[in-house]
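Structural overview for review
As a plain string of letters, each chain reads:
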Amino acid sequence: LCSQDTLLSGNIPKDSWTRGSALYHQPRAYSAMAALAFEGICGNTVEAAITANRPLFPVKDPEWTLDLMVSEFMGIPEGTDEYIRQRDILQNMFDVQTIAQSCADDAEFEAELYSGDPRCGLNLSEKEALGNIWVMVCQSPSLTGVGI
């Protein structure tokens, strides 16, 4: 697993020093290879983040886990409009993934992702849904912008 992450991380632009600057330079170049690297690294960390014996984000309390993802991992302060917006998005994604009633087609599923009260979904376990959300949050611009 570590060797896979080492190979993947080689595609992420490195921080460097710029002549005459006291602060290091963080490249903003985001290529298709960097996107695949982030996706791979985030996918490889699901076990440690969600499903291990001592998870970073506990499956037993999905509400608290979603709160932690937004406030602690994405770094969005609680009580702000952005926190509320991101938290609502993650909650809706969780709800759509865990609803037992399957959607008729992709179009209906996509519509449910944006509805405030989803009625159909993917019938995934809470653990699977949180794992999917973790991979998405791990790739958020607030993290990829600083190279994870």
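Above this text you will find the structure in question.
Calculation criteria
- Every chain is numbered on its own, with residues counted from 1 as its sequence reads.
- Note on the predicted model: pLDDT of at least 70 is required for a residue's local features to be given, and 80 or more for side-chain atom pairs to be given and counted; whole-chain, interface and lining totals, by contrast, use all residues.
- Remark: hydrogens and water are excluded; side-chain values derive from all non-hydrogen atoms of the structure.
- Helix numbering and strand numbering both begin at the N terminus, where a helix is a DSSP run of H or I of at least 4 residues and a strand a DSSP run of E of at least 2.
- Residues count as neighbours in contact if any of their non-hydrogen atoms are within 4.5 Å of one another.
- Definition used for salt bridges: Asp or Glu carboxyl oxygen within 4 Å of a side-chain nitrogen of Lys or Arg.
- Throughout this description, buried means an accessible area under 20% of the type-specific maximum (1.4 Å probe, protein chains only), exposed means over 50%, and partly exposed covers the range between.
- Nonpolar core, defined: a set of buried Ala, Val, Leu, Ile, Met, Phe, Trp, Tyr and Cys residues in which side-chain atoms within 4.5 Å join the residues together.
- A pair of sulfur atoms, both from cysteines and within 2.5 Å, is called a disulfide here.
- Whenever a helix is involved, its axis is fitted only over the stretch in contact; in every case the axis is a line through C-alpha atoms, and angles between N-to-C directions fall within 0 to 180 degrees.
- Each angle gets one of four labels, with under 35 degrees taken as roughly parallel, over 145 as roughly antiparallel, 65 to 115 as roughly perpendicular, and the rest as oblique.
- Here a pair means two rings of Phe, Tyr or Trp (six-membered ring of Trp) with centres within 6.5 Å. Their orientation is stacked below 30 degrees between planes, edge-to-face above 60, and tilted elsewhere.

1. Description of the environment of G121
Along the chain, G121 turns up in the loop between α6 (106–113) and α7 (126–138). Spatially, the C-alpha atoms of G121 and V96 are 4.6 Å apart, while their sequence positions differ by 25 residues. Once residues within four sequence positions are removed from consideration, G121 is found in contact with V96, I99, Q101, S102, C103 and F109.

2. Concerning the pattern of salt bridges
Any two side chains of opposite charge can pair, on the condition that their charged atoms come close. Per the stated rule, a full pass over the model turns up 4 salt bridges. Here R85 and E82 are joined by a salt bridge, their closest N and O atoms 3.2 Å apart. Here the residue R85 and the residue E82 both occupy positions in helix α5 (residues 81–98), the gap between them amounting to 3 residues, near one helical turn. A salt bridge links E112 to R119; the nearest nitrogen and oxygen atoms lie 3.7 Å apart. Since its relative accessible area comes to 6%, E112 is described here as buried. Salt bridges linked by common partners bring E63, D67 and R87 together as one network.

3. Details of the nonpolar core
Ranked by size, the top nonpolar core spans 21 residues in total, and within it I50, F57, L66, M69, L90, I133 and W134 carry the most contacts. For this core, the secondary structure elements donating two or more residues are α3 (46–51), α4 (62–73), α5 and α7. In terms of residues, this core owes the most to one element, α7, which gives 7 residues.

4. A closer look at the side chain of E112
Considering the arrangement of structural elements, one finds E112 in helix α6. Aside from chain neighbours lying at most four places away, what touches E112 is N92, V96, C103, D117, P118, R119 and C120.

5. Some thoughts on the state of the cysteines
If you walk through the whole model with that rule in mind, you get 2 disulfides. In the protein chain, numbering the disulfide-bonded cysteines from first to last in sequence yields the connectivity 1-4, 2-3.

6. Section: the environment of M74
Mapped onto the elements, M74 comes out in the loop between α4 and α5. Each C-alpha atom of the pair M74 and P141 lies 8.9 Å from the other, and the pair is 67 residues apart in sequence.

7. Observations concerning the packing of α4 against α7
Closest axis-to-axis distance for the α4/α7 pair is 11 Å, and the angle between their directions is 5°. One finds that α4 runs roughly parallel with respect to α7. Here P62, T65, L66, M69 and F73 of α4 lie close against α7, whose contacting residues are E126, L130, I133, W134, V137 and C138.

8. So, the packing of aromatic side chains
By convention here, two paired aromatic rings are described through the distance between centres and the angle between planes. With the rule as written, the count across this model stands at 3 aromatic pairs. Look at F57 and W134: their rings are 5.3 Å apart centre to centre, the planes differ by 45°, and that puts the pair in the tilted class. Of this pair, F57 sits in the loop between α3 and α4 while W134 sits in helix α7, and the two are 77 residues apart along the sequence. Side by side, F57 and W134 carry an identical accessibility label, which is buried. Here the aromatic rings of F73 and W134 are separated by 4.7 Å at their centres, their planes lie at 50°, and the arrangement is tilted. In this pair, F73 sits in helix α4 while W134 sits in helix α7, placing the two residues 61 residues apart along the sequence. Looking at F73, the relative accessible area reads 25%, which means it is partly exposed. A relative accessible area of 4% means that W134 is categorised as buried. These aromatic residues form a ring-pair network of at least three members: F57, F73 and W134.

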